[in-house]
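Understanding the architecture of this molecule
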Amino acid sequence: MLKITPAVRLSLGLLLLTVSILLIAQVLGLTPDLRKSQLEARQNLAETLAFQTLLAYSRKDEVLVKQLLENAVERNDNILSAAVRSTGGELAVYTPRHGELWPAATDEHSTERYARIPLFMAGQQLGHLELAFEPLNRQDTSYFGLPRQLLLAVFILIVGFISYRLLIGRTLRYLDPSSVVPERVRNALNVLAEGVLILDKREQVVLANKVIAEYLQMSEKSLLGRKASSLGWQTHENSELPWLRTLNAGDRVTGARLLLGNDKKHPLVFRVNSVPITDAKGKAQGIIASFSDVSELEEKTRKLEHLASHDPLTGCLNRRALRQALNQAFIDAQNHRGELCCIMLDIDHFKRINDTHGHSVGDEVIKTVAQTVKHIVREGDSVARFGGEEFCIILPGSNLEQASQIAERCRTEIQARDCDGVQVTSSFGISSVRSGIHTPNELIQRADEALYQSKENGRNRVTLWQAQQ
Ligand SMILES: Nc1nc2c(ncn2[C@@H]2O[C@H](COP(=O)(O)OP(=O)(O)OP(=O)(O)O)[C@@H](O)[C@H]2O)c(=O)[nH]1
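Residues numbered from 1 in each chain as written. Predicted model: local features only at pLDDT ≥ 70, side-chain atom pairs only at ≥ 80, totals over all residues. Heavy atoms only, no water.

Quick word on the overall build of the protein
Secondary structure assignment for the protein yields 15 helices and 15 strands. Across the 469 residues that make up the protein, the buried fraction comes to 38%. Here the analysis covers contacts within the protein between residues at least 6 apart in sequence; of these, 56% occur between residues at least 24 apart. Looking at the protein as shown, the accessible area adds up to about 28,000 Å², and 54% of this sits on carbon and sulfur atoms. (Helix = DSSP H or I, 4+ residues; strand = E, 2+ residues; numbered from the N terminus. Buried < 20%, exposed > 50% of the residue type's maximum accessible area, 1.4 Å probe, protein only. Contact = heavy atoms within 4.5 Å. Areas by Shrake-Rupley, 256 points an atom, 1.4 Å probe, with all protein chains shown as cover.)

Put into structure tokens, the structure is as follows:
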């Protein structure tokens, strides 16, 4: 089947245009009128023959007249018969079948097929020359019995299409950007583990290797001519695409991070390098951009970072990560004169739970308490496992009153929870940067002192640290 390639489409377009131009030319009368010229030829022929016949007929040389008429019929395929009719209406001289070919009803006037020319000599009419012709269109049906115009149209369509197709195919080969890259270069790029795009000055793809085509889920050919920025990349905070930076500023870009894919949860992550292709004068004529898929590496790194900063039993921050979060929150609070509170939480009589129900139940209790607290605090707060059954909660932007409300909610919900048939209570101590505290350590220390007060005063309660403590 004929493939509708751009070359075929262009050829058909040009063919239609050509046919339309021919039709318009015909409508405007710019093409030669075959019918008219045939009629003129017939008229000339009839008049010449009439002149010759008149001379012979006036001398009553009927043999010569007959010879002239027979010669005319013999030499002209389109003359069927000829005759000289006397003024009285009888056929004086005639070629065979003229009687049957000449229509009885023909009046004085000539028609397309029947010429009737009066023969005058010295002002006296001697008779008429009669010529019967082939029908006008007969001459057009010279090929396979089909009208010549139809054949011409078919000829233009077939030969026109083949010629246009060959011409455009050849032209497109010169214009096809991929054909300027030698096969061996393309093969070499296809062996690379990295994706490669070669772009022109308008960031249109001139070459795409197999790897990048697979990442983009498109064929190498269908990528040609597409703008690289239209291929579905996501940048970090809409920063400039690396190849655009190279095109705009001439910079080499290395290690730019780009995401690809509609699946926002699992996009492919690439590290992209982009270098300009310069001409002899050092002007950028295009770009080579390489794409390394670092999705798996980033996922592993993310998991390692999570392991390094979180407690494996509860999923809360560990002490190292708590320190970082607290230091940052402390700096922010100081810079913006903001609120910051710290809550220390300790499960009451936890040793007894371990001793009575076993260590694994103890672990479950710790996990339940952690889940309860994480569920209550806001998104910007940090929950860390501080020690065995002790937790530290950092609340940026919360004042003492808000922090004590949160601690109170944690206390009542922990008390209400049932953990493998075990019910526990917990004690809380709260400190705030607004209580004359100067360092992150001091904030934790004061909250711990308040927690100690809760334990001292009978447990299952919340105590705020105050300067006079
Ligand atoms: N199951 C379990 N127990 C732990 C873990 N870490 C620490 N512990 C135990 O927690 C208990 C803490 O007990 P203590 O610090 O004496 O205090 P308590 O029994 O909670 O009493 P108060 O704090 O005074 O109410 C110890 O027995 C630890 O062995 C842990 O990860 N899992």
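What follows picks up the thread again.
Focus: the site of the ligand
Surrounding the ligand, one finds 16 residues, the nearest of these being His349, Lys351, Asn354, Asp363 and Arg385. Contact between the ligand and Ile347: an oxygen atom at 3.3 Å from a main-chain N or O atom of the residue. Within the backbone of Lys351, an N or O atom sits 2.8 Å from an oxygen atom of the ligand. Taken together, the elements giving at least two residues each to the shell around the ligand come down to β11 (340–347), α12 (350–357) and α13 (359–376). By residue number, the principal contributor to the shell around the ligand is α13, which donates four residues. (Near = heavy atom within 4 Å. Polar contact = N/O pair within 3.5 Å; in protein donor to acceptor, adjacent residues only side chain to side chain.)

With respect to helix α9 (residues 242–249)
Among all positions of α9, only Pro242, Trp243 and Thr246 are buried. Viewed end-on, α9 has its buried residues packed into an arc of 100°, placing them on one side of the element. For α9, the exposed residues lying more than 90 degrees away from the buried face are Asn248 and Ala249. Check the buried side of α9 and you find it contacts β5 (195–200), β7 (233–235), β8 (253–260), β9 (268–278) and β10 (284–293). Phi turns positive, to about 75°, at Gly250, one or two residues after α9. (Arc of directions from axis to C-beta.)

Some thoughts on the pattern of salt bridges
In total, this model carries 18 salt bridges according to the counting rule given. Between Glu408 and Arg411 there is a salt bridge whose closest N-O contact spans 2.7 Å. With a gap of three residues between them, Glu408 and Arg411 both fall in helix α14 (residues 400–416), about one helical turn apart. Using a relative accessible area of 31% as the deciding quantity, one classes Glu408 as partly exposed. (Salt bridge = Lys/Arg side-chain N within 4 Å of Asp/Glu carboxyl O.)

Re the packing of helix α2 (residues 34–58) against helix α3 (residues 62–75)
Put simply, α2 and α3 touch, their axes get as near as 8 Å, and they point 160° apart. Taken together, the axes of α2 and α3 are roughly antiparallel relative to one another. Handedness of the α2/α3 crossing: right-handed. Contacts between α2 and α3 involve Leu49, Gln52, Thr53, Ala56 and Tyr57 on the former and, on the latter, Leu64, Val65, Leu68, Leu69 and Ala72. Split by residue class, the contact of α2 with α3 holds eight nonpolar, two polar and no charged. (Axes fitted to C-alpha atoms, helices over the stretch in contact; angles between N-to-C directions. Parallel < 35°, antiparallel > 145°, perpendicular 65-115°, else oblique. Left-handed = near helix turned anticlockwise from the far one by under 90°. Nonpolar A, V, L, I, M, F, W, Y, C, P; charged D, E, K, R; others polar.)

A short note on the sheet that holds β8
Here six strands make up an open sheet; going across it, the order is β6-β5-β10-β9-β8-β7 and the pairing antiparallel. Each edge of the sheet is formed by a strand with only one pairing partner; in this case those strands are β6 (205–208) and β7. For this sheet, the mean inter-axis angle between neighbouring strands, taken without regard to orientation, is 35°. Here β8 runs beside β9; their pairing, made up of six bridges, is antiparallel. (Pairing = 2+ DSSP bridges.)

Looking at a nonpolar patch on the surface
Together, Leu146, Leu150, Leu152, Val154, Phe155, Leu157, Ile158, Val159, Ile162 and Leu166 make up an exposed nonpolar region whose accessible area comes to about 900 Å². The topology assignment puts Leu157 in helix α5 (residues 148–175). (Patch = residues over 30% accessible without salt bridge, like charges linked within 9 Å, V, L, I, M, F, W, Y side chains within 5 Å.)

As for unusual backbone geometry
Despite not being glycine, Arg337 shows a phi value in the positive range, around 50°. By secondary structure assignment, the location of Arg337 is in the loop between α11 (319–335) and β11. Judged by its relative accessible area of 72%, Arg337 is exposed. The backbone phi angle of His349 is positive, close to 50°, even though this residue is not glycine. Looking at the secondary structure, you find His349 in the loop between β11 and α12. We classify His349 as partly exposed; its relative accessible area is 35%.

Remarks on the nonpolar core
Ranked by size, the top nonpolar core spans 29 residues in total, and within it Leu345, Val365, Val369 and Val373 carry the most contacts. Counting residues per element, this core draws most heavily on α13, which supplies seven residues. (Core = buried A, V, L, I, M, F, W, Y, C linked by side-chain atoms within 4.5 Å.)

A word on the side chain of Asp346
Tracing the chain through its elements places Asp346 in strand β11. A polar atom in the side chain of Asp346 sits 2.7 Å from the side chain of Lys455. In contact with Asp346, other than residues within four places in its own chain, are Glu389, Glu390, Ser426, Ser427, Leu451 and Lys455.

Focus: the environment of Ile414
Structurally, Ile414 is set in helix α14. Given the relative accessible area of 2%, Ile414 is considered buried. The contact partners of Ile414, leaving out residues within four places of it in the chain, are Leu345, Val369, Thr372, Val373, Val424, Ser426 and Phe428.

A few points about the packing of aromatic side chains
Applying the stated criterion across every chain, the model contains seven aromatic pairs. Between Trp102 and Tyr114, the aromatic rings sit 5.4 Å apart at their centres with planes inclined by 80°, giving edge-to-face as the arrangement. With Trp102 in the loop between α4 (98–101) and β3 (114–121) and Tyr114 in strand β3, this pair connects stretches of sequence that are 12 residues apart. Judged by its relative accessible area of 7%, Trp102 falls in the buried class. The exposure class of Tyr114 is buried, given its relative accessible area of 15%. Each ring, one from Trp233 and one from Trp243, has its centre 5.9 Å from the other, and the planes form 65°; the classification is edge-to-face. Here the residue Trp233 occupies a position in strand β7, and Trp243 occupies one in helix α9, the gap between them amounting to 10 residues. Judged by relative accessible area, Trp233 falls into the buried class, the value being 11%. (Phe/Tyr/Trp six-rings, centres within 6.5 Å; stacked < 30°, edge-to-face > 60°.)

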